[in-house]
Amino acid sequence: MMKELFAEIERINDPRQAYKTKHKLIDIVVIVLIGMLANADTWEEIQIFAVSRQTLLRKYLDLPHGIPSHDTLQRVMALIHPEVMRQIQTAFNQMLSQEEGEALKKLINIDGKTMRGSAVNEKRPLHVVSAWCKEDGVCFGQTVVHEKENEIVAIPELLKTLTIKGSIITLDAMGTQTKIAEQIIKQKGDYVLALKENQGNLYKDVVLYFEDEEFQTKAAYTQTIEKARSQLEKRQYYQSDDLSWLPDRQKWKGLKSIGMVVKTIEKKGQIKKEKRYYISSLPLDVESMAKAVRGHWAIESMHWQLDVTFREDSNTTLDKNAALNLNILRKMCLPLLKRLDIGMRASLKGKRFAFCSDPVKYIEQFMQM
């Protein structure tokens with residue numbers, strides 16, 4: 001796997017002037033990637049790791065002038081256009097898909113995350129909208145929300161870069177827009193879109209529908225009960241394809257059903273209940289809808305991993321290109337760490353520590369995948 005990935009990286013066109021370069025581009029990108037796997041979070045830490053493991057790295061890299069300084073690593077990563085890095089990410093994802101085989105119907109969760117450490121002066125921090133697939137454990141792509149824009153603008157641009165035929169796209173209420181639903185259908189995907197008060201009458205109509213107990217009994221139904229962290233969580237899923245009464249149904253391309261989830265949490269004798277509502281292009285199949293609704297929170301888990309495992313919010317890389325390229329490389333590290341076998345159960349953070357402790361062993365393990 002790593003051999004193929006290194007070959008893809010080597011195909012990157014070097015944006016630097018040849019007579020000014022001392023370090024090969026592939027050496028720099030691979031040093032950053034392996035440094036991230038080895039528990040290095042900052043440019044300085046990546047350089048320290050590379051210097052301490054220079055003999056090991058020379059087995060895979062030329063390093064004609066030794067290890068680049070942390071300033072050089074950051075400067076060169078800022079020169080690489082994120083679209084080029086995204087192409088490497090796409091090729092990497094294809095390698096993983098071939099390894100895992102084809103999924104029957106994938107869930108692709110789309111949501112945004114702010115990289116708080118990238119804020120500088122009066123400029124906003126970088127906000128990245130990503131498309132995450134839990135089944136494959138990979139990020140299919142991302143796009144940046146530019147200043148004075150929001151996710152409504154960024155999501156269609158991200159969708160254009162994705163192959164979503166046969167997949168279910170899940171979005172929170174920010175992405176519940178008629179044009180976005182139409183684009184998903186045109187790209188031959190399905191959608192499950194969250195509803196909140198920002199949808200006005202559509203939200204009110206769906207709420208009123210499910211408040212009627214008679215309609216609830218007619219809807220398809222399933223439930224899950226889980227006990228975790230000293231609390232009992234019960235989720236009740238309702239789905240209905242009875243849409244003849246819905247005034248706005250023609251505005252939503254491919255709309256086939258509506259849904260409600262009732263989440264009840266019981267902890268220390270106290271009961272908390274909340275309801276959420278959805279529209280979907282899925283036909284009546286409450287188990288599929290429940291899987292999609294519950295599955296959307298996988299992208300929150302990915303965002304959590306970026307912060308907890310890689311301390312992304314603490315990284316103060318201010319150059320936008322460099323920050324986004326780091327974001328892409330971190331997402332590529334997630335499935336690599338997931339596949340890393342250290343001989344015991346461990347978190348991804350623990351696996352980074354193991355990799356740092358014995359990089360000779362674990363680089364070789366990747367090379368043999």
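To be clear, the structure that these remarks concern was listed above.
Residues numbered from 1 in each chain as written. Predicted model: local features only at pLDDT ≥ 70, side-chain atom pairs only at ≥ 80, totals over all residues. Heavy atoms only, no water.

Visitor: Any chance you could explain the overall build of the protein chain here in plain terms?
Guide: The helix and strand tally for the protein chain stands at 15 helices and nine strands. Taking 369 residues into account, the globule formula puts the C-alpha radius of gyration at 21 Å, and the protein chain, at 23 Å, falls close to it. Principal-axis analysis of the C-alpha atoms places the extent of the protein chain at approximately 75 × 45 × 40 Å. Taking all 369 residues of the protein chain together, the buried fraction comes to 53%. Counting contacts in the protein chain only where the partners sit at least 6 residues apart, residues at least 24 apart contribute 63% of the total. Of the charged side chains in the protein chain, 55 are positive and 48 negative; the average position of the first set lies 2 Å away from that of the second. (Helix = DSSP H or I, 4+ residues; strand = E, 2+ residues; numbered from the N terminus. Rg over C-alpha atoms; globule rule 2.2 N^0.38 Å. Buried < 20%, exposed > 50% of the residue type's maximum accessible area, 1.4 Å probe, protein only. Contact = heavy atoms within 4.5 Å. Lys, Arg positive; Asp, Glu negative; His and termini not counted. Charge placed at Lys NZ, Arg CZ, Asp CG, Glu CD.)

Visitor: How should I be thinking about the pairing of strand β4 (residues 168-171) in this particular structure?
Guide: Every other side chain in a regular strand lies on the same face of the sheet, so the side chains alternate between the two faces. Burial of the side chains of β4 extends over both faces: I168 and T170 are buried on one face and I169 and L171 on the other. Direction of pairing for strand β1 (residues 107-115) relative to β4: parallel, over a ladder of four bridges. Looking across to β4, one finds that I108 is bridged to I169. With four bridges joining them, β4 and strand β5 (residues 190-195) adopt parallel strand pairing. Residue pairing across strands places L171 opposite L193, the latter belonging to β5. (Pairing = 2+ DSSP bridges.)

Visitor: Just to check I follow, could you spell out the side chain of N327 for this structure?
Guide: Structurally, N327 can be placed in helix α13 (residues 320-339). Note on N327: relative accessible area 2%, which makes it buried. A distance of 2.8 Å separates a polar atom in the side chain of N327 from a polar atom in the side chain of K331. Leaving out residues up to four positions away in the same chain, N327 has contacts with M115, V128, Q142, L306 and E312. (Polar contact = N/O pair within 3.5 Å; in protein donor to acceptor, adjacent residues only side chain to side chain.)

Visitor: What's the story with the sheet that holds strand β2 (residues 126-133) in this structure? I'm lost.
Guide: Strand pairs in the sheet, formed through backbone hydrogen bonds, run parallel or antiparallel to each other. Strand order across the open sheet formed by nine strands is β3-β2-β1-β4-β5-β9-β8-β7-β6, with mixed pairing between neighbours. The open sheet has two free edges, formed respectively by β3 (138-145) and β6 (220-228), since each of these has just one partner strand. Geometrically, the sheet is characterised by an average inter-axis angle of 25° between neighbouring strands, direction not taken into account. Here helix α11 (residues 286-295) sits on the sheet and contacts β1, β4, β5, β6, β7 (231-240), β8 (257-267) and β9 (270-280); the angle it forms with β7, its principal contact strand, is near 130°. Against the sheet, α13 engages β1, β2 and β3, with an angle of about 25° to β2. (Axes fitted to C-alpha atoms, helices over the stretch in contact; angles between N-to-C directions.)

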